[in-house]
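This is what each chain is made of:
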Amino acid sequence: LISAAELSNGELKVDFGRRTFSTGMDLTTEGSTTRLSAGGTVTTDGRLYGDAAGRVGYLNIQGLLSNERGPTGTATTIFDGRIDDRRRVNGGATWR
């Protein structure tokens, strides 16, 4: 069964010195809200890689940082993960 979902309260933090990122967002679907998180590595060319290793509430993420908007930049990510033991989520997000 496929259903629509909404993302809210998103945050993306990038530590360029440590070459790491962390992100989180609320996912609302079928009347319930779940907090999803992720973290991972930032490569020297601005790619984001995060592996949830199958953990519930965590996302596998691949993304890319861009300087499209100058110093404030943007990021685009695609993700998939497990909401609980029965449900999965996949989608994308653009951070501005």
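Computed from a predicted structure; not experimentally measured.

(A) Here's a closer look at the overall build of the chain. Looking only at helices and strands, the chain has zero helices and seven strands in total. Listed by position from the N terminus, the elements making up the chain come as β-β-β-β-β-β-β. Taking 96 residues into account, the globule formula puts the C-alpha radius of gyration at 12 Å, and the chain, at 14 Å, falls close to it. Overall size of the chain, expressed as C-alpha extent along the three principal axes, is 40 × 25 × 20 Å.

(B) Quick look at the pairing of strand β4 (residues 47–50). Going residue by residue along β4, you find Leu-48 and Gly-50 tucked away on one face and Arg-47 and Tyr-49 left uncovered on the opposite face. Pairing of strand β3 (residues 32–42) with β4, which is carried by two bridges, proceeds in the antiparallel orientation. Counterpart to Thr-41 in the pairing with β4 is Tyr-49. Connecting β3 to the antiparallel partner β4 that follows it, the hairpin turn spans four residues, and Gly-46 within it adopts a positive phi of roughly 85°. Inspection of the sheet shows β4 paired to strand β5 (residues 59–66) by four bridges, in the antiparallel sense. Bridging across to β5, Leu-48 finds its partner in Gly-63.

(C) Just the environment of Leu-48, in detail. As for its placement among the helices and strands, Leu-48 is situated in strand β4. For Leu-48, a relative accessible area of 0% corresponds to the buried category. Considered as a pair, Leu-48 and Arg-19 are 29 residues apart in the sequence and their alpha carbons are 9.3 Å apart. The residues touching Leu-48, leaving out its near neighbours within four places in the chain, are Phe-21, Thr-41, Val-42, Ile-61, Gln-62, Gly-63, Leu-64, Leu-65 and Thr-77.

About the thresholds
Residues numbered from 1 in each chain as written. Predicted model: local features only at pLDDT ≥ 70, side-chain atom pairs only at ≥ 80, totals over all residues. Heavy atoms only, no water. Helix = DSSP H or I, 4+ residues; strand = E, 2+ residues; numbered from the N terminus. Rg over C-alpha atoms; globule rule 2.2 N^0.38 Å. Buried < 20%, exposed > 50% of the residue type's maximum accessible area, 1.4 Å probe, protein only. Pairing = 2+ DSSP bridges. Contact = heavy atoms within 4.5 Å.

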